[in-house]
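Coordinate analysis (summary)
Next come the chains, spelled out residue by residue.
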Amino acid sequence: MKPRVFSGIRPSGRLHIGNYFGAIKSWLKLQDEADCIFAVVDYHGLTTPFDPKEMFKEKYEVILDYLAVGVDPKKSALVIQSDLPEHTELGWILGTITPVSILERVPTFKEKVAQHPEYVNLGLLSYPVLMAADILIYKSNIVPVGEDQLPHIELAREIAKRFNRIFGKTFPLPKAVLSSGARVMSLYDPSKKMSKTGGEGILLSDSPEEIWKKLQPAVTDPARKRISDSGNPDVCNIYSLHKLVSSADEIKEINGNCRGAKFGCLDCKKILAKNLGMEFEDFRRKRKVFESNPEKVKEILKNGAEKARELAQKTLREVRKKTGLDI
Ligand code: TRP
């Protein structure tokens, strides 16, 4: 039997290159080796401030991105989390065996509390419990995620272990797999991860012109003030982006030109803009095809939900029996 893979992404608008190189690229590889379910986790999207008028559109954008980037509905189930309320039922049950003290120590919880001190809700605290339910309801073995999600996967394993110990062996312990390890940093503050907020992320759907516009003001080696200064690619965020999309020969040349003060940062960015534009050319074309075919997208989501629902309900029946809710 193929291993089961589950991963989810929040419905906060279109995907950027950080999402792609940080997570999605590795998902796509898994489609041939594993039985994958990929979700837009809209219940999770309610835990931080959001605009109800934008919610539906935002999650639809992510679905279009998923399809265009290569999630193949013939191989994988593509689902919207809230189409499967089974997740929340399991989340509730798992919540009853999860100590609050553990949840209060989760790093992302502490970050979100600092970010939105006026928005500390119960859903935010139990976010990792619902995430554990997302994973465990399909008895998933593998969860491809970015590094920041590792504490959540660890917690999902703890919850699975605890459930198995109390109610009898039910869940396999899910393993996180990190994608190629690329951590894409913010263009304007490279000490932070690239994020969807603030319009600073390079979206997969950005046109070459938009990419170029975003790259021009991006931070490079801060010590390099003028073209005649020699630059240090090792501390340059633009150089790390080159490593993701440029050819080995180009990278070598760029490195030499930067250290040797043979070209300026804008010249270097121009090459990056061209290569990023090319990398996602096929993506932009496919996205337009799905955009103009909403019936087809609806059908894909319906099929995905049907497949997922069958698995989810099977697990829930087992859980309801084991906990004594059903006989
Ligand atoms: N917490 C994840 C994030 O912010 C999203 C997520 C929700 C998820 N449920 C999941 C990821 C289950 C993997 C598996 O990116």
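The protein carries the name Tryptophan--tRNA ligase in an unreviewed UniProt entry, which gives Candidatus Falkowbacteria bacterium RIFOXYA2_FULL_38_12 as its organism. The protein has a UniProt comment under Catalytic activity (unreviewed entry) that states "tRNA(Trp) + L-tryptophan + ATP = L-tryptophyl-tRNA(Trp) + AMP + diphosphate + H(+)". According to the UniProt record, the Function (unreviewed entry) comment for the protein is "Catalyzes the attachment of tryptophan to tRNA(Trp)."

The subject of this paragraph is the packing of aromatic side chains. In total, this model carries 8 aromatic pairs according to the counting rule given. Between Phe-21 and Phe-280 the ring centres are 6.2 Å apart and the planes differ by 70°, which places this aromatic pair in the edge-to-face class. Taken together, the residues Phe-21 in helix α1 (residues 17–30) and Phe-280 in the loop between α13 (265–279) and α14 (281–291) connect sequence positions 259 residues apart. The class for Phe-21 is buried, based on a relative accessible area of 1%. Its relative accessible area of 4% is what places Phe-280 among the buried residues. Each ring, one from Phe-163 and one from Phe-167, has its centre 4.7 Å from the other, and the planes form 45°; the classification is tilted. Taken together, the positions of Phe-163 and Phe-167, both in helix α9 (residues 150–167) and 4 residues apart, correspond to about one turn of that helix. Looking at Phe-163, the relative accessible area reads 0%, which means it is buried. The partly exposed category is assigned to Phe-167, whose relative accessible area is 27%. Aromatic ring contacts, followed pair by pair, group Tyr-20, Phe-21 and Phe-280 into a single cluster.

Residues annotated by UniProt as "binding site: ATP" (unreviewed entry) correspond here to Arg-10, Pro-11, Ser-12, Gly-18, Asn-19, Gly-146, Glu-147, Asp-148 and Val-184. Position of Gly-146 among the secondary structure elements: in the loop between β4 (142–145) and α9. Sequence-distant contacts of Gly-146, that is, excluding residues within four places in its chain, are made with Gly-22 and Leu-178. Secondary-structure assignment places Glu-147 in the loop between β4 and α9. Residue class for Glu-147 comes out partly exposed when judged on its relative accessible area of 46%. When neighbours within four sequence positions are excluded, Glu-147 is seen to be in contact with Leu-178 and Arg-183.

Once that is clear, we can look at the pairing of strand β2 (residues 35–40). Of all 6 residues in β2, 5 are buried, a share of seventy percent or more. Relative to β2, strand β1 (residues 4–9) runs parallel, the two being bridged by 6 bridges. Considered in β2, the bridge of Arg-4 is made with Asp-35. Viewed along the sheet, the connection from β1 through α1 into β2 turns out right-handed. With 4 bridges connecting them, β2 and strand β3 (residues 77–80) associate as parallel partners.

Side chains of nonpolar character tend, in soluble globular proteins, to be buried together. Within the largest apolar cluster, 54 residues are counted, with the highest numbers of intra-cluster contacts made by Ile-17, Ile-63, Tyr-66, Leu-78, Leu-215 and Leu-276. Ranked by residues supplied to this core, first place goes to α1 with 8 residues. Split by domain, the residues of this core number at least three in each of domain 1 (4–184 + 294–322) and domain 2 (197–282). Those residues in contact with Ile-17 that sit more than four places away from it in its chain are Gly-22, Val-184, Met-194, Ile-202, Leu-204, Leu-241, Leu-276 and Phe-280. Of all hydrophobic cores here, the second largest spans 38 residues; its members include Leu-84, Leu-125, Ile-153 and Leu-316.

About the cut-offs
- Residues numbered from 1 in each chain as written.
- Predicted model: local features only at pLDDT ≥ 70, side-chain atom pairs only at ≥ 80, totals over all residues.
- Heavy atoms only, no water.
- UniProt positions renumbered as here; feature names shortened; annotations may be inferred.
- Phe/Tyr/Trp six-rings, centres within 6.5 Å; stacked < 30°, edge-to-face > 60°.
- Helix = DSSP H or I, 4+ residues; strand = E, 2+ residues; numbered from the N terminus.
- Buried < 20%, exposed > 50% of the residue type's maximum accessible area, 1.4 Å probe, protein only.
- Contact = heavy atoms within 4.5 Å.
- Pairing = 2+ DSSP bridges.
- Right-handed = clockwise from strand over helix to strand, strands pointing away.
- Core = buried A, V, L, I, M, F, W, Y, C linked by side-chain atoms within 4.5 Å.
- Domains from an automatic or database assignment.

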